[in-house]
Each structure stands twice: as C-alpha cells, then as structure tokens.
Amino acid sequence: MLKSMHVMLAYATVVGFILRAFWSLSADQASRALARTKAARVLPHVIDTALLGIGAALAVMAQIPLLEGWLGAKLAGLAAYIGFGVLTLRGRSTALKSIGLVGALLSVGYVLAVAFTRQAVPW
C-alpha cells in the first residue's frame, strides 16, 4: 500500500510541477496569477513531504541503505529536479525558465527510470 501511495504521489508531484511551469511560462496574467495562489504554493510542499516521508519509510522497511547505488542515484536525481524546478518557477527570463523545465523533466525521467530498473545507470 505504501509503495502505491509513493508512486501516486510521484505522478501527482510531476503533474503539479508541469502545471505550475505552464502557468509560470504563460504570457497570460491570469495564468501567472494561478501560480501565485495559496493552493499552488502550499499543496506541492504537502505532496512532496508525503512523497519523501513514504519513500524513507519504504527504504527503512526494506532495509535499503541510503547510499545504496540506485537509491543514492534517485536522491541525486531528486536534488537535480529540485534545482531545475526552482529555476523553472523562479527564473527571471523565459529562456532560464525553459532551460529549467527541460532539466527538471530530464531529471524526473532519470529518477523514474532508476526507480523502475533499480539501477543507477538505467539505460
């Protein structure tokens, strides 16, 4: 059950990020305003905290060390995803935001590939 929740939250965080990135990149003021709503600012943190907590619980239950190759790779990919996500949502120019979006999507793709294969180099 925890694994299913973890997977569901992973998809929810990615979909939410893509939506917020679209709002952030939009030239439409109404779309940009949506990105600044309280729900858009708070809900991602709730989802991400639950995702990380459940992931940690799964690692503890499975007795997987944090520095295990594939789990460490997932955490490194997560750090890259966060960094690129910040660039996407807070970048000052459309070019920086676009670079951040591409980097974030590549990072999350890597994290998902590592999760499915349990290999630090999934290709």
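Residues numbered from 1 in each chain as written. Predicted model: local features only at pLDDT ≥ 70, side-chain atom pairs only at ≥ 80, totals over all residues. Heavy atoms only, no water.

## Looking at helix α3 (residues 38-61)
- Between its terminal C-alpha atoms α3 stretches 35 Å, which fits the 34 Å expected from 24 residues at 1.5 Å a residue.
- Those residues of α3 that fall on the buried side of the exposure criterion are A40, P44, I47, L51, I54 and A59.
- The inward-facing, buried residues of α3 abut α1 (2-25), α2 (29-35) and α4 (69-90).
- Once α3 finishes, Q63 follows within two positions and takes phi at roughly 55 degrees, a positive value. (Helix = DSSP H or I, 4+ residues; strand = E, 2+ residues; numbered from the N terminus. Expected span 1.5 Å × (residues − 1). Buried < 20%, exposed > 50% of the residue type's maximum accessible area, 1.4 Å probe, protein only. Contact = heavy atoms within 4.5 Å.)

## Concerning a nonpolar patch on the surface
- A surface patch of nonpolar side chains, amounting to about 680 Å² of accessible area, comprises L52, L66, L67, L75, L78, I82 and V86.
- Ranked by residue count, the leading element in the nonpolar patch is α4, at four residues.
- Secondary-structure assignment places I82 in helix α4. (Patch = residues over 30% accessible without salt bridge, like charges linked within 9 Å, V, L, I, M, F, W, Y side chains within 5 Å. Areas by Shrake-Rupley, 256 points an atom, 1.4 Å probe, with all protein chains shown as cover. Salt bridge = Lys/Arg side-chain N within 4 Å of Asp/Glu carboxyl O.)

## Here we look at the packing of α1 against α3
- Relative orientation of the contacting elements α1 and α3 amounts to 150 degrees, with a least axis distance of 9 Å. One finds that α1 runs roughly antiparallel with respect to α3. Here α1 runs over α3; the crossing is left-handed. Residues L2, K3, M5, H6, L9, A10, A12, T13, R20 and W23 of α1 touch α3, and the partners they reach there are A40, P44, I47, D48, A50, L51, I54, G55, A57, L58 and M61.
- Considering only residue class, the contact of α1 with α3 consists of 15 nonpolar, three polar and three charged. (Axes fitted to C-alpha atoms, helices over the stretch in contact; angles between N-to-C directions. Parallel < 35°, antiparallel > 145°, perpendicular 65-115°, else oblique. Left-handed = near helix turned anticlockwise from the far one by under 90°. Nonpolar A, V, L, I, M, F, W, Y, C, P; charged D, E, K, R; others polar.)

## Quick look at unusual backbone geometry
- The backbone phi angle of Q63 is positive, close to 55 degrees, even though this residue is not glycine.
- Positionally, Q63 belongs in the loop between α3 and α4.
- Phi angles above zero are rare outside glycine, and R118 is one such case at about 55 degrees.

The values reported here are purely geometric and, on their own, carry no functional implication.
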